[in-house]
Amino acid sequence: MLKYIIKRILQFIPVFFGVTLILFLVANYMPGSDPVQMKVGEKHVTPELRKQIEQDYGLNRPWYIQYGDYLAKLTKGDLGVSISTGRKVSDIILEKYPFTLNLALVAIAIEIVIGICAGVISALKQRTFLDVLVTLATSISVSLPVFWLGLLLQYFFGIFLKQQTGGAFYLPISGASGVLPSWEYYVLPGITLAAVSTAYGARIMRSQLIEVMGMDYIRTAKAKGLSGRQILFHHEMKNALIPVVTFIGLDFGAMLAGAVLTETVFNWPGIGFTIYRAIMARDFQVVIGCVTVILFAVMIINLLVDISYAFLDPRIRFGGSEE
Amino acid sequence: MDNKKHNKSNMDESEIKHEYRAQNEQSNISRSIVKKNGASVNRIAQGGSDSPRELLDASIDRKTRTLWGDAFRRLSKNKLAMISLIWIIIVAVAAITAKLWVPRLFGDPTIINTQLAITQRFSSPSFAHWFGTDDMGRDIFGRVIYGARVSLTVGIFATLISLVIGVFLGAISGFYGKAIDAVIMRVTDIFLAFPYILFAILVMSVLPSQYKGVTVVVAVIGLLGWSTFARLFRSSVLSVKENDYVAAGRALGASNARLMFKHILPNAIAPAVVYATMGVGGAILTESALSFLGIGIQPPTVSWGRMIDDGRMNLTDHPAIVLFPGLAILLTVLAFTLLGDGVRDALDVKMEE
């Protein structure tokens, strides 16, 4: 167990350096882009200004010194300063992340409830109309462009419904004020963000449950006369849920990343929308800083999920390695 | 004596003969391969009952049935997969021939005509404009067809780049093992560690806009998406490598390159092919997302994602501008997803038994 955790953490080290190196290279040595220009946004760079910026940011030093410098700053939480607002990127992120986190939690809740239910129903009612319906719905959901789904929901629940009911019933389609906006603001962005992963969750739940249902110990349980419900909750679900829980954990990371599109569609004031606005304003420090933070959040969540997987599944705990 | 049931569908003709000969030379066990109900069965015949010559003829007899032939036959019986394939072909033909007929029938979708922008702005779907027109008076149907050119190009070529890089690295990694495997797999870990859409967003936003053409989008998506292919192909190489026919080939003195290309690759490629089919849909989604964010394909080139972004402003009164390009993305990606499902079922050896 301990050996597995240590091994997993050791594997994380090269990944950490690899990801930071790629981030650093993209930010400074992208072919066709000019690191000096990136420090000032759209502004015209005169030769004197260029010298000044190179001096200030140490851009004329060799790349490995700059990379070391970047790593040192990263460990201190220094992600640079926004060109357009002059604020520290780390401050912007601290201000925006609760929105992204809350939305992701809502989406995870939707995924757990709908994804698991749909998967279980479809596994228990194999080859019936319901099963076909779930399979079809999941195929469509995984093929949906997230931003388009968001716009359709906006149109139907925010605009069409409002027109039809004369403004009596509709759901808000954009933004949220205050750190904890009221529940109706979460409905549409939450569904949008959850759509794709709910479909994958349902598929995994279905296939896992079907696999477990064919196991010998389920036959034994039936033979000793347990009721269908007892078998489902005490034997089948317990085992089938392990990979689903892992998937949902990993998905939480993916949702932080997927937030860029959903938040852009709904003007949701989280990190994703901040990235979008920074792209529009060519405020590269903010883009790179936010992407860096999300990447690390994703990587750390994945690491934690892997470790908790070992707690949940004895086969990994005692088996040693994954391959 | 090897009595276990062989995974025959994993071998093609030459391998079977190869192995047959190798086995025959080394021991006196003759083996017949009999085709029964689509699945081949191994029969161990002790010397004397059948002459080796007849057995060889029997194995040549089933020349018409190969792994890919069988798979294609099964695929052609899958209705959903066939509908998907037909849809993809229709979209592809429309996209390839678009320049010949779209400008003549619906006006050039890439240029903004100020006169048309005033006279036929936001017209509803009609016989002249099947999907209506957008805020610039451009025909939405024509633009959707033009958008297919970008989406299919990016989807197919980005996936091909990922496939080639992934298969190459996965093959080296799985075949040679040891240190080179460890190095390649650590690099793969790095690329698997982050959601690649996020990195694509970063790279594309850093690039100056004059570089944001189709080629660059293809390259960025292709170069970021290979890690899953590498993992997948490495593990299938690892399992195929253990098969007897590879050992037989090696015993007969085949070079590493020959073993790789003639024996391992054809038998290990199936999972990568399945993943690639679905991956085309994924690449189309990524491209549309980048274009929607304004950092993918730039106007005047038409792309579905950019069309949806343009239509956002007029969503309240003219939802059709957003609706049609989105439907085009959904149906095309869905077609690749379902075709991928079909290919997976058709190639899955276990399904046959």
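Residues numbered from 1 in each chain as written. Chains lettered and ligands numbered in written order. Predicted model: local features only at pLDDT ≥ 70, side-chain atom pairs only at ≥ 80, totals over all residues.

Colleague: Just checking my understanding: could you explain the overall build of chain B for this structure?
Modeller: The helix and strand inventory of chain B stands at 15 helices and 2 strands. For chain B, the residues scored as buried account for 44% of the 353 residues in total. Long-range pairs, those at least 24 residues apart, make up 72% of the contacts in chain B between residues at least 6 apart in sequence. (Helix = DSSP H or I, 4+ residues; strand = E, 2+ residues; numbered from the N terminus. Buried ≥ 20, exposed ≤ 12 C-beta atoms within 10 Å, placed from the backbone. Contact = placed C-beta atoms within 7 Å.)

Colleague: Would you take a moment to explain the overall build of chain A for this structure?
Modeller: The secondary structure content of chain A amounts to 13 helices and 0 strands. For chain A, the sequential pattern of α-helices and β-strands runs α-α-α-α-α-α-α-α-α-α-α-α-α. Expressed as lengths along the three principal axes of its C-alpha atoms, the size of chain A is roughly 85 × 65 × 30 Å. For chain A, buried positions account for 37% of its 323 residues.

Colleague: Explanation requested: the domain arrangement of chain A in the structure shown.
Modeller: The extent of an interface is frequently quoted as the accessible surface area lost upon association of the parts. Residue and element names in this part refer to chain A. Under the domain assignment, chain A is made up of domain 1 (2–74) and domain 2 (98–212 + 239–311). On a C-alpha basis, the centres of domain 1 and domain 2 stand 31 Å from each other. Tallying the contact residues gives 11 residues for domain 1 and 11 residues for domain 2. At 8 residues, the largest contribution of residues to the side of domain 1 that touches domain 2 is made by helix α1 (residues 2–29). Tallied by class, the residues present in the side of domain 1 that touches domain 2 amount to 8 nonpolar, 1 polar and 2 charged. (Domains from an automatic or database assignment. Nonpolar A, V, L, I, M, F, W, Y, C, P; charged D, E, K, R; others polar.)

Colleague: Sorry, what's going on with the interface of chain A and chain B here?
Modeller: Contact residues are listed per partner, giving 39 residues for chain A and 38 residues for chain B. Taken together, the elements giving at least two residues each to the side of chain A that touches chain B come down to α1, α6 (129–143), α7 (146–164), α10 (228–266), α11 (271–280) and α12 (284–312) of chain A. When residues in the side of chain A that touches chain B are grouped by element, the largest group, 9 residues, is from α12(A). Split into classes, the residues belonging to the side of chain A that touches chain B amount to 30 nonpolar, 9 polar and no charged.

Colleague: So what exactly am I meant to see when it comes to helix α10 (residues 227–241) of chain B here?
Modeller: Residues separated by three or four positions in an α-helix point in the same direction, a consequence of the helix having 3.6 residues per turn. The terminal C-alpha atoms of α10(B), which comprises 15 residues, lie 21 Å apart, in line with the 21 Å expected from a rise of 1.5 Å per residue. Along α10(B), the residues classified as buried are B:S227, B:F229, B:A230, B:R231, B:F233, B:R234, B:S236, B:V237 and B:V240. (Expected span 1.5 Å × (residues − 1).)

Colleague: Got a minute to help me understand the nonpolar core in this structure?
Modeller: If you look at soluble globular proteins, the nonpolar side chains tend to sit buried side by side. The biggest cluster of nonpolar side chains holds 157 residues, and the ones touching the most others in it are A:V287, A:I294, B:L198, B:A200 and B:I201. The dominant element in this core, judged by the number of residues it contributes, is helix α15 (residues 320–347) of chain B, at 15 residues. Each of two domains, domain 1 (2–74) and domain 2 (98–212 + 239–311) of chain A, supplies a minimum of three residues to this core. Apart from residues no more than four positions distant in its own chain, A:V287 is found in contact with A:I275, A:A278, A:I279, B:L202 and B:S205. (Core = buried A, V, L, I, M, F, W, Y, C linked by C-beta atoms within 7 Å.)

Colleague: Hey, could you run me through unusual backbone geometry in this one?
Modeller: What is expected of a backbone is that most residues other than glycine have negative phi and most peptide bonds are trans. Cis geometry is found at the peptide bond from B:P299 to B:P300, where omega equals 10 degrees. Mapped onto the elements, B:P300 comes out in the loop between α13 (270–292) and α14 (304–312). A positive phi is found at A:R282, a non-glycine position, where the angle reads about 50 degrees. Among the secondary structure elements, A:R282 is positioned in the loop between α11 and α12.

Colleague: What is the right way to read the environment of B:A200 from this model?
Modeller: Residues and elements named next belong to chain B. Note on placement: A200 falls in helix α8 (residues 196–206). When the 23 C-beta atoms within 10 Å are taken as the criterion, A200 is described as buried. Placed 54 residues apart in sequence, A200 and Y146 show a C-alpha to C-alpha distance of 23 Å. Leave out the neighbours within four places in its chain, and A200 touches V220, I221, L224, T286 and L290.

Colleague: Looking at this model, I keep getting lost on the packing of helix α6 (residues 140–176) of chain B against α10(B). Mind explaining?
Modeller: How two helices sit against one another is set out by the angle between their axes and by the gap between those axes. Residues and elements named next belong to chain B. Two elements in contact, α6 and α10, have axes whose closest approach is 7 Å; the angle formed by their N-to-C orientations is 40 degrees. As judged from the angle between their axes, α6 and α10 are oblique. Classified by chirality, the crossing of α10 by α6 is right-handed. Counted together, S162, L163, G166, V167, L169, G170, A171, S173, G174 and F175 of α6 and T228, F229, A230, R231, L232, F233, R234, V237, L238 and K241 of α10 form the full contact between these two elements. Classifying every residue of the contact of α6 with α10 by side-chain character gives 11 nonpolar, 6 polar and 3 charged. (Axes fitted to C-alpha atoms, helices over the stretch in contact; angles between N-to-C directions. Parallel < 35°, antiparallel > 145°, perpendicular 65-115°, else oblique. Left-handed = near helix turned anticlockwise from the far one by under 90°.)

Colleague: Sorry, what's going on with helix α5 (residues 89–124) of chain A here?
Modeller: For α5(A), built from 36 residues, the straight-helix expectation of 52 Å at 1.5 Å per residue is met to within 8% by its first-to-last C-alpha distance of 50 Å. A maximum bend of about 40 degrees is found in α5(A) at A:K96, where proline A:P98 lies one to four positions downstream. (Bend = angle between axes of the 7 residues up to and from the residue.)

Colleague: Would you mind going over the confidence of the model for chain A with me for this structure?
Modeller: Residues shown with low pLDDT carry predicted positions that ought not to be read at fine detail. Averaged over every residue, the pLDDT of chain A is 83; the share at 70 or more is 94%. Per-element averaging of pLDDT across chain A places helix α13 (residues 314–319) of chain A at the bottom with 65 and α5(A) at the top with 91. (pLDDT = per-residue confidence, 0-100.)

Colleague: How should I be thinking about the environment of A:T262 in this particular structure?
Modeller: Residues and elements named next belong to chain A. In this structure, T262 sits in helix α10. Between the C-alpha atom of T262 and that of F147, which follows or precedes it by 115 residues, the distance is 6.1 Å. Setting aside anything within four residues of it in sequence, one finds T262 in contact with V146, G150, P189, T192, L193, W268 and G272.

Colleague: Any chance you could explain the environment of A:F16 here in plain terms?
Modeller: Residue and element names in this part refer to chain A. Tracing the sequence through the fold places F16 in helix α1. The exposure class of F16 is partly exposed, given the 17 C-beta atoms found within 10 Å. Sequence-wise, F16 and Q154 are 138 residues apart; in three dimensions their C-alpha atoms are separated by 39 Å.

Colleague: Looking at this model, I keep getting lost on the confidence of the model for chain B. Mind explaining?
Modeller: Residue and element names in this part refer to chain B. Model confidence for chain B is summarised by a mean pLDDT of 79, while 80% of its residues fall at 70 or above. Within chain B, the lowest mean pLDDT, 37, falls on strand β1 (residues 30–36), and the highest, 93, falls on α6. Across residues 1–49, where pLDDT falls below 50, the model places 74 contacts with residues more than four positions away in sequence or in other chains. Within the model, pLDDT remains below 50 along residues 349–353, and this stretch shows 8 contacts once partners closer than five positions in the same chain are excluded.

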